[in-house]
Amino acid sequence: MKLKFNHVDFYYGDKAPNLFEALNDIDCEIKEKSFTCIVGHTGCGKSTFIQQLNGLLIPTKGSVFAGDFVVSSNKKERTKKLRPLRQKVGIVFQFSEYQLFENSVEEDVAFGPTNFGVKKEDALKLAHENLLKVGIDESFFKKSPFELSGGERRRVAIAGIMAMQPEVIVLDEPTVGLDPRGVKEMMTLFKELHDNGTTIIVVTHDMNLVYGYATDVIVMDHGKIVYQGTPNELFDKSVDEYSLETPLMTHLIQELKQKGYKFDLQQIKSLDDIVDVIAKQKGGAKNE
Ligand SMILES: Nc1ncnc2c1ncn2[C@@H]1O[C@H](COP(=O)(O)OP(=O)(O)OP(=O)(O)O)[C@@H](O)[C@H]1O
Ligand SMILES: [Mg+2]
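Everything numeric here is computed off the predicted structure, so don't read it as measured data. (Residues numbered from 1 in each chain as written. Chains lettered and ligands numbered in written order. Predicted model: local features only at pLDDT ≥ 70, side-chain atom pairs only at ≥ 80, totals over all residues.)

1. Here's the deal with the site of ligand 1
No. 1: Near ligand 1 the following residues occur: Tyr 12, Phe 20, Ala 22, Gly 40, Thr 42, Gly 43, Cys 44, Gly 45, Lys 46, Ser 47, Thr 48 and Gln 94.
No. 2: For the shell around ligand 1, the secondary-structure elements that each account for two or more residues are strand 2 (20-30) and helix 1 (46-50).
No. 3: Ranked by residues supplied to the shell around ligand 1, first place goes to helix 1 with three residues.
No. 4: The residue makeup of the shell around ligand 1, split by class, is four nonpolar, seven polar and one charged. (Near = placed C-beta within 6 Å. Helix = DSSP H or I, 4+ residues; strand = E, 2+ residues; numbered from the N terminus. Nonpolar A, V, L, I, M, F, W, Y, C, P; charged D, E, K, R; others polar.)

2. Remarks on unusual backbone geometry
With the exception of glycine, the majority of residues adopt a negative phi angle, and the majority of peptide bonds are in the trans configuration.
No. 1: A cis amide bond links Ala 16 to the next residue, Pro 17, at an omega of 5 degrees.
No. 2: You can see Pro 17 is positioned in the loop between strand 1 (3-12) and strand 2.
No. 3: Unusually for a residue other than glycine, Phe 95 sits at a positive phi of about 60 degrees.
No. 4: Its place among the elements puts Phe 95 in the loop between strand 6 (89-92) and helix 3 (105-115).
No. 5: With 13 C-beta atoms counted inside 10 Å, the residue Phe 95 sits in the partly exposed group.
No. 6: Although it is not a glycine, Glu 173 adopts a positive phi angle of roughly 50 degrees.
No. 7: Structurally, Glu 173 is set in the loop between strand 7 (168-172) and helix 6 (180-195). (Buried ≥ 20, exposed ≤ 12 C-beta atoms within 10 Å, placed from the backbone.)

3. Some remarks on helix 9 (residues 248-258)
No. 1: Among the residues making up helix 9, those that are buried are Met 249, Thr 250 and Ile 253. For helix 9, the arc enclosing every buried residue in end-on projection is 95 degrees, short of the 170-degree limit, so these residues lie on one face. Residues His 251, Glu 255 and Gln 258 are exposed on helix 9 and point more than 90 degrees away from its buried face.
No. 2: Among the structural elements, helix 7 (207-213) and helix 8 (231-238) are those in contact with the buried residues of helix 9.
No. 3: In the segment just after helix 9, Gly 260 is the residue with positive phi, at about 105 degrees. (Arc of directions from axis to C-beta. Contact = placed C-beta atoms within 7 Å.)

4. Re the domain arrangement of the protein
No. 1: For the protein, the assigned domains are domain 1 (3-231) and domain 2 (247-288).
No. 2: Once you take the C-alpha centre of each, domain 1 and domain 2 turn out to be 35 Å apart.
No. 3: Of the residues lining the interface, five residues belong to domain 1; the matching set on domain 2 comes to six residues.
No. 4: Tallied by class, residues from the side of domain 1 that touches domain 2 come to three nonpolar, two polar and no charged. (Domains from an automatic or database assignment.)

5. A closer look at helix 8
No. 1: Residues of helix 8 that are buried: Pro 231, Leu 234 and Phe 235. The buried residues of helix 8 occupy one face: seen down the axis, they fall within an arc of 85 degrees.
No. 2: Each element contacted by the buried residues of helix 8 is listed here: helix 7, strand 9 (216-221), strand 10 (224-229) and helix 9.

6. A word on the sheet that holds strand 9
No. 1: Across the sheet, which stays open at both edges, the six strands sit in the order 6-7-8-3-9-10 with mixed pairing between neighbours. In the strand order of this sheet, the two ends are held by strand 6 and strand 10, each with one partner. Between one strand axis and the next, the sheet turns by 15 degrees as a mean value, whatever way the strands run.
No. 2: As paired strands, strand 9 and strand 10 are joined by five bridges and run antiparallel to one another. Bridge pairing in strand 10 places Met 220 opposite Ile 225. (Pairing = 2+ DSSP bridges. Axes fitted to C-alpha atoms, helices over the stretch in contact; angles between N-to-C directions.)

7. Observations regarding the pairing of strand 8 (residues 199-203)
No. 1: Counting buried positions along strand 8 gives five out of five residues, so the element sits mostly inside the fold.
No. 2: Of the two faces of strand 8, the one carrying Thr 199, Ile 201 and Val 203 and the one carrying Ile 200 and Val 202 are both buried.
No. 3: Inspection of the sheet shows strand 7 paired to strand 8 by five bridges, in the parallel sense. For Asp 172, the partnering residue across the bridge sits in strand 8 and is Val 203.
No. 4: Read as a crossover between parallel neighbours, the route from strand 7 over helix 6 to strand 8 is right-handed. (Right-handed = clockwise from strand over helix to strand, strands pointing away.)

8. Some points on the packing of helix 3 against helix 5 (residues 150-162)
No. 1: Two elements in contact, helix 3 and helix 5, have axes whose closest approach is 7 Å; the angle formed by their N-to-C orientations is 35 degrees. Note on packing geometry: the crossing formed by helix 3 with helix 5 is right-handed. Contacts between helix 3 and helix 5 involve Val 105, Asp 108, Val 109, Phe 111 and Gly 112 from the first element and Val 156, Ala 159 and Gly 160 from the second.
No. 2: Tallied by class, the residues present in the contact of helix 3 with helix 5 amount to five nonpolar, two polar and one charged. (Left-handed = near helix turned anticlockwise from the far one by under 90°.)

9. Some thoughts on the sheet that holds strand 5 (residues 69-72)
No. 1: Taken together, four strands build an open sheet; the order of strands is 2-1-4-5 and the sheet is antiparallel. With partners counted over all chains shown, the strands left at the sheet margins are strand 2 and strand 5, one partner each. Strand-to-strand, the axes of this sheet are offset by a mean angle of 20 degrees, without reference to chain direction.
No. 2: Sheet analysis places strand 1 next to strand 4 (residues 61-66), joined by five bridges and oriented antiparallel. Looking at the pairing, Asn 6 lines up with Ser 63 of strand 4.

This is the structure we're talking about:
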């Protein structure tokens with residue numbers, strides 16, 4: 001599903017002097033089947049931006065196009081029923097672990113599909129399948145969500161969105177507070193979903209994750225998009241311009257370049273890829 005913002009402004013509050021402009025002239029496209037990361041400093045508008053994607057927030061000016069759906073400031077242009085859009089574009093909120101409310105883990109995950117018309121029995125089947133995918137085993141299915149740890153609850157919330165089988169999954173800071181293994185497992189899960197054709201949009205402050213997983217990146221600042229392109233272009237040239245952290249991989253590559261190694265950045269995603277380059281070029285680099 002193609003996602004397109006057409007000159008979107010968004011204001012919180014309904015009248016002056018309480019108006020706050022959180023998005024300013026957002027005009028961009030998020031490619032179908034991309035793995036897009038959205039970065040930028042606290043308060044720059046990332047969470048506000050993603051909530052326009054399925055009509056949870058409606059632009060104050062301009063329009064968002066999501067496939068055939070139109071979420072526009074102009075009521076006449078807006079798609080009348082936005083509910084089906086929320087099945088196609090699923091959002092896992094920041095602090096999603098606080099948003100579970102059903103009596104049991106399985107019922108919580110089954111809630112979404114049931115709400116969109118799937119029979120209870122099939123919804124429970126979807127719940128079980130997706131809970132297993134996020135690493136929550138059978139012994140948890142009948143527990144109350146409140147008996148789970150924060151990290152486990154966040155997995156349940158993610159399974160709840162996956163169970164609706166959306167075309168686009170948006171995750172707002174999904175790895176915050178997880179241990180390194182949890183981060184790796186979660187990112188691997190998103191990568192698998194992406195490999196299977198789901199468009200993935202992740203809001204994050206972690207540039208190492210952007211380096212390792214994103215195909216595209218959007219940088220926001222004070223409600224505007226200040227950069228959109230590939231992570232390689234961003235990290236190679238412009239991290240300082242946007243005061244972002246340089247990923248460890250970029251540091252390492254820059255050091256090795258100074259020692260004479262040559263890199264095709266498209267091919268380098270992990271430390272193993274760097275080791276391969278060093279092994280292949282060892283003789284050449286030493287001589288320079
Ligand atoms: N309900 C609201 N009412 C008024 N202002 C709000 C509301 N929600 C957010 N804002 C303001 O809008 C701006 C953008 O907020 P948003 O939550 O989108 O930022 P963010 O980039 O997601 O930040 P973070 O990285 O801290 O999650 C902030 O300045 C915030 O104070
Ligand atoms: Mg936010």
